Amino acid sequence: MADHHFGGIKIRHLYKIFGPNPKPYVEAVQKGLSKTELNEKHGHVLGLSDINIEIPSGCIQVIMGLSGSGKSTLIRHINRLIDPTAGEVLVDGVDVVKMDEAELRAFRRHQTAMVFQKFALLPHRNVLDNTMFGLEVQGLDREKRVDTAMRWLDRVGLKGFEKKYPNQLSGGMQQRVGLARALSNDAPVLLMDEAYSALDPLIRMDMQSVLLDLQKEIKKTIVFITHDLDEALRLGDQIAILRDGQVIQQGTSQEIVLKPADEYVANFVREVNRGRVVHVDAVMSPHQSGAYHGGKSIPAGTTIEEAMRVLVSGSDEDVFIVGKTGEPVGTVNLRQLTRAMVNSHEELQARPALAGVL
Ligand SMILES: Nc1ncnc2c1ncn2[C@@H]1O[C@H](COP(=O)(O)OP(=O)(O)O)[C@@H](O)[C@H]1O
Ligand SMILES: [Mg+2]
């Protein structure tokens with residue numbers, strides 16, 4: 001039952017240690033026992049260590065990290081496919097960890113939907129029947145199920161494919177079915193574990209666009225896992241970066257690109273097209289009082305790439321940046337924008353204008 005006051009997800013002091021007797025090691029890990037030590041000396045695997053993430057309702061939270069960093073372990077705690085060793089997972093204010101069997105079953109059925117990398121479609125069912133699958137479990141009558149499924153198939157661009165079987169569809173189209181099936185559920189929380197990682201690059205970008213377009217309307221709380229930084233930056237309202245079971249940085253795309261917390265993040269960020277992530281506000285010169293004469297302007301929050309498009313098509317040297325109410329907040333020229341594209345993040349960080357952005 002999706003309601004519009006759904007309160008989002010809070011993960012608090014979450015620990016997961018894999019092994020026969022994990023509880024006693026939580027304290028040791030809190031005191032600094034490393035993943036390597038825990039494994040070599042005590043034969044246990046540190047899956048997650050003191051995870052704290054707040055995901056507002058209607059927000060796309062990306063979890064990013066290399067293989068083995070704990071992404072799947074983390075997302076599987078949200079619908080309690082994994083029990084934590086310690087900590088809380090509050091969904092809409094209710095601790096999933098404390099739910100009994102019946103509560104958990106109802107929670108999984110009505111509050112969450114998952115999209116998998118391997119699609120998990122049933123080969124002997126056609127597209128429509130695959131899409132309706134979750135609705136059968138919810139006990140809706142057939143007419144309602146068909147209605148709902150057809151609506152979502154249409155929304156993901158699969159109108160006319162209802163009678164096809166999964167093996168007649170490309171990977172991208174199968175993933176669309178997976179998405180339609182998850183959305184038919186009408187659950188407020190959508191969990192996507194590397195859902196797009198097996199797709200070819202172009203198809204993958206297509207699917208990212210589909211999700212972003214849909215999200216404007218459905219406003220679900222989406223937890224999206226990826227090991228791809230470009231995907232993370234494009235989709236995430238918030239990004240959390242995991243390494244060895246720990247969150248090493250949380251922030252917006254721009255914060256992560258401009259201010260990587262350490263070498264690990266900096267390595268991810270190095271090859272990124274900053275023009276698509278960084279806003280003009282980060283590179284503009286602050287507004288000098290009196291100089292504004294109206295004329296051509298760019299809204300604050302515009303990406304560098306978009307701003308460059310405006311500037312190269314005009315003849316002005318400097319263009320004004322304006323805030324929400326049209327007040328001038330600064331000026332920017334092509335040289336400043338170009339510098340932001342080609343300089344290292346260390347040089348960008350040294351810019352005074354950034355102080356107001358980060
Ligand atoms: N059931 C398990 N038993 C023991 N170790 C596990 C288990 N599941 C995951 N791990 C370990 O936990 C860590 C995180 O794994 P995972 O969450 O699958 O990472 P990711 O999804 O980021 O690739 C890895 O070191 C992995 O080997
Ligand atoms: Mg994984």
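That block above? That's the structure.
Nothing here was measured: the structure is a model prediction, and the numbers come from that model.

## Brief notes about the packing of aromatic side chains
A complete count under the given rule lists 2 aromatic pairs for this structure. Taking the centre distance of 5.3 Å and the plane angle of 65 degrees together, the rings of tyrosine 196 and phenylalanine 224 count as edge-to-face. Of this pair, tyrosine 196 sits in the loop between strand E7 (189–193) and helix H9 (201–218) while phenylalanine 224 sits in strand E8 (residues 221–226), and the two are 28 residues apart along the sequence. Overall, tyrosine 196 belongs to the buried group, its relative accessible area being 0%. On the basis of relative accessible area, phenylalanine 224 is assigned to the buried category, the value being 0%. In this structure, arginine 243 packs its charged tip against the face of tyrosine 264, placed 4.9 Å from the ring centre.

## Digging into the side chain of serine 253
With respect to the helices and strands, the residue serine 253 is situated in helix H11 (residues 253–258). What makes serine 253 buried here is its relative accessible area of 10%.

## Regarding the pairing of strand E14 (residues 328–333)
Pairing of strand E11 (residues 285–286) with E14 involves 2 bridges; the strand directions are antiparallel. The partner of serine 285 across the bridge, within E14, is threonine 331. Strand direction decides the pairing type here: strand E13 (residues 318–322) and E14, joined by 5 bridges, are antiparallel. Bridge pairing in E14 places isoleucine 321 opposite glycine 330.

## As for the sheet that holds strand E6 (residues 112–116)
The strand order across the open sheet formed by 6 strands is E6-E7-E8-E3-E9-E10, and the pairing between neighbours is mixed. The open sheet has two edge strands with one neighbour each: E6 and strand E10 (246–251). In this sheet, adjacent strand axes meet at a mean angle of 20 degrees when their direction is disregarded. Contacts from helix H4 (residues 101–111) reach E6 and E7, with the element oriented near 65 degrees to E6. Against the sheet, H9 engages strand E3 (60–64), E7 and E8, with an angle of about 165 degrees to E8.

## Some remarks on helix H8 (residues 171–184)
Over its 14 residues, H8 extends 20 Å from the first C-alpha to the last, a length consistent with the 20 Å expected when each residue adds 1.5 Å. Burial analysis of H8 places 12 of its 14 residues in the buried class, which makes it a mostly covered element. For H8, the complete set of buried residues consists of Gly172, Gln174, Gln175, Arg176, Val177, Gly178, Leu179, Ala180, Arg181, Ala182, Leu183 and Ser184. On the buried face of H8, the contacting elements are E6, helix H5 (127–131), helix H6 (133–138), helix H7 (142–155), E7 and H9. Aspartate 186 lies just past H8 and shows a positive phi near 60 degrees.

## A closer look at the site of ligand 1
The environment of ligand 1 is formed by Phe18, Lys35, Val45, Leu66, Ser67, Gly68, Ser69, Gly70, Lys71, Ser72 and Thr73. One of the side-chain N or O atoms of lysine 35 is found 3.0 Å from an oxygen atom in ligand 1. In this structure, lysine 71 approaches ligand 1 through a side-chain N or O atom, which is 2.8 Å from an oxygen atom. A total of 570 Å² of accessible area belongs to ligand 1 in isolation, and the protein chains cover 60% of it. Of the residues forming the shell around ligand 1, the biggest block, 3 residues, is contributed by helix H3 (residues 71–78).

## Regarding the nonpolar core
Counting 64 residues, the largest nonpolar core has Leu179, Leu190, Met192, Tyr196, Phe224 and Leu337 as its most contacted members. For phenylalanine 224, the contacting residues outside a window of four places in its chain are Ile60, Gln61, Val62, Ile63, Met192, Tyr196, Leu211, Glu231 and Leu235. Phe6, Ile9, Leu14 and Leu104 belong to the second-largest nonpolar core, a separate cluster that totals 26 residues.

## Structural notes on the sheet that holds strand E4 (residues 86–91)
Strands sit in the order E2-E1-E4-E5 across an open sheet of 4 strands; the sheet is antiparallel. The open sheet terminates on both sides in strands that have one partner only, identified here as strand E2 (45–55) and strand E5 (94–95). Sheet analysis places strand E1 (residues 9–18) next to E2, joined by 7 bridges and oriented antiparallel. Across the sheet, the residue bridging to leucine 14 is isoleucine 51, located in E2. Sitting on the sheet, H3 is in contact with E1, E2 and E4, with an inclination near 125 degrees to E1.

## Comments concerning the pattern of salt bridges
Applying the stated criterion across every chain, the model contains 18 salt bridges. Here arginine 155 makes a salt bridge to glutamate 217, at a shortest N to O gap of 2.3 Å. Remark: glutamate 217 occurs in helix H9 and arginine 155 occurs in helix H7; sequence separation between them is 62 residues. Here the residues in one salt-bridge network are Arg276, Glu305, Glu306 and Arg309, joined through shared partners.

## Here's the deal with the side chain of asparagine 126
With respect to the element layout, asparagine 126 can be found in the loop between E6 and H5. Only 2.8 Å separates the side chain of asparagine 126 from the backbone nitrogen of aspartate 129, close enough to count as a polar contact. Apart from residues no more than four positions distant in its own chain, asparagine 126 is found in contact with Glu162, Lys163, Lys164 and Tyr165.

## Structural notes on the environment of aspartate 100
Topologically, aspartate 100 is positioned in the loop between E5 and H4. Of the polar contacts made by the side chain of aspartate 100, one reaches the backbone nitrogen of alanine 102; its length is 3.2 Å.

Criteria and cut-off values
- Residues numbered from 1 in each chain as written.
- Chains lettered and ligands numbered in written order.
- Predicted model: local features only at pLDDT ≥ 70, side-chain atom pairs only at ≥ 80, totals over all residues.
- Heavy atoms only, no water.
- Phe/Tyr/Trp six-rings, centres within 6.5 Å; stacked < 30°, edge-to-face > 60°.
- Helix = DSSP H or I, 4+ residues; strand = E, 2+ residues; numbered from the N terminus.
- Buried < 20%, exposed > 50% of the residue type's maximum accessible area, 1.4 Å probe, protein only.
- Lys NZ or Arg CZ within 6 Å of the ring centre and 35° of its normal.
- Pairing = 2+ DSSP bridges.
- Axes fitted to C-alpha atoms, helices over the stretch in contact; angles between N-to-C directions.
- Contact = heavy atoms within 4.5 Å.
- Expected span 1.5 Å × (residues − 1).
- Near = heavy atom within 4 Å.
- Polar contact = N/O pair within 3.5 Å; in protein donor to acceptor, adjacent residues only side chain to side chain.
- Areas by Shrake-Rupley, 256 points an atom, 1.4 Å probe, with all protein chains shown as cover.
- Core = buried A, V, L, I, M, F, W, Y, C linked by side-chain atoms within 4.5 Å.
- Salt bridge = Lys/Arg side-chain N within 4 Å of Asp/Glu carboxyl O.

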